[in-house]
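# Structural overview
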Amino acid sequence: MPGRLHRAVCPGSFDPVTHGHLDVIEKAAKLFDEVIVGVGVNQSKSRLFAPDERMDMLTRACAGWDNVRVDGFTGLLTDFCLQHDIDAIVKGLRAVSDFDYELQMAQMNSSLAPVETVFVPTSPEWSFVASSLVKEVATFGGDVTGLVPDFVRDLLVERLAERAGGQ
């Protein structure tokens, strides 16, 4: 069908991947023939997990979807889209407050490349989940079971213990 969008990217830092991220990825996998989970690699930002660790976590978490693969990118997302023949950027919206920023980004991206942005509402049970909040709760010993895959929780607790031991 002419004009149909076939390949999409779900971009993010995924530090760490949460069930909210996976909810959006699953919805994208149902809408598009192929979904690339694009892990942003920004060397100037401090992350808890290295890019390869985040990509490994996502590869494991997305193993159940045959049409989803994980890749990293640096620089502009629109350049990544052009290099990989990506038709659409899929962004999850948790609340109205996300929309203002994401709309601006969508408009900027469409001015840079022929790519559409598709907004997908996060399921209500994940609307409060953000990687930063998950890390904060885990840092203070809170239980993040159910907010991230179990193996991610284990890696998160282990990494936070390593950091606490090194201080």
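All values derive from a computational prediction rather than experimental measurement.

### So, the environment of Leu5
Along the chain, Leu5 falls in the segment before β1 (7-12). Not counting chain neighbours up to four residues away, the residues in contact with Leu5 comprise Phe32, Asp87, Ala88 and Glu116.

### Describing the packing of helix α2 (residues 51-61) against helix α6 (residues 150-165)
At a minimum axis separation of 10 Å, α2 and α6 run at an interaxial angle of 160 degrees. One element, α2, and the other, α6, form an angle in the roughly antiparallel class. Facing α2, whose interface residues are Glu53, Met57, Arg60 and Ala61, α6 presents Phe151, Val152, Leu155 and Arg159. Residues of the contact of α2 with α6, tallied by class, amount to five nonpolar, no polar and three charged.

### Some words on the pattern of salt bridges
Overall, the coordinates contain 11 salt bridges when judged by the stated rule. In this structure, Glu34 engages Arg7 in a salt bridge whose closest nitrogen and oxygen atoms are separated by 2.7 Å. One end of the pair, Glu34, is in strand β2 (residues 34-40); the other, Arg7, is in strand β1, and 27 residues separate them in sequence. Across the pair Arg153 and Asp150 runs a salt bridge, and its minimum N-O distance is 3.2 Å. Taken as a pair, Arg153 and Asp150 lie in helix α6 at a separation of three residues, close to a single helical turn. When salt bridges with common partners are traced through the structure, they connect Arg7, Glu34, Arg69 and Asp71 into a single cluster.

### A short note on the side chain of Ser123
The residue Ser123 is located in the loop between β5 (116-121) and α5 (131-139) in this model. A polar atom in the side chain of Ser123 sits 3.2 Å from the side chain of Lys27. When residues no more than four places from it in sequence are discounted, the contact partners of Ser123 are Asp23 and Lys27.

### Looking at the layout of surface pockets
Think of a ball as big as a water molecule: rolled over the atoms, this probe shows where empty space is left. Approximately 1,200 Å³ is the volume attributed to the largest pocket. For the largest pocket, the lining is made up of 44 residues, of which Pro11, Gly12, Ser13, Lys91 and Glu102 are closest to its centre. For the lining of the largest pocket, the secondary structure elements donating two or more residues are β1, α1 (19-31), α3 (77-83), β4 (88-93), α4 (96-112) and α5. Broken down by element, the lining of the largest pocket gets its largest block of residues, eight residues, from α4. Of the residues belonging to the lining of the largest pocket, the class tally is 20 nonpolar, 16 polar and eight charged.

Rules of the game
Residues numbered from 1 in each chain as written. Predicted model: local features only at pLDDT ≥ 70, side-chain atom pairs only at ≥ 80, totals over all residues. Heavy atoms only, no water. Helix = DSSP H or I, 4+ residues; strand = E, 2+ residues; numbered from the N terminus. Contact = heavy atoms within 4.5 Å. Axes fitted to C-alpha atoms, helices over the stretch in contact; angles between N-to-C directions. Parallel < 35°, antiparallel > 145°, perpendicular 65-115°, else oblique. Nonpolar A, V, L, I, M, F, W, Y, C, P; charged D, E, K, R; others polar. Salt bridge = Lys/Arg side-chain N within 4 Å of Asp/Glu carboxyl O. Polar contact = N/O pair within 3.5 Å; in protein donor to acceptor, adjacent residues only side chain to side chain. 1 Å grid on protein atoms, 1.4 Å probe; cavity = no way out; pocket = protein on both sides within 12 Å on 5 of 7 lines; lining within 4 Å. Points joined across faces, edges and corners; volume = space filled by probe spheres on them.

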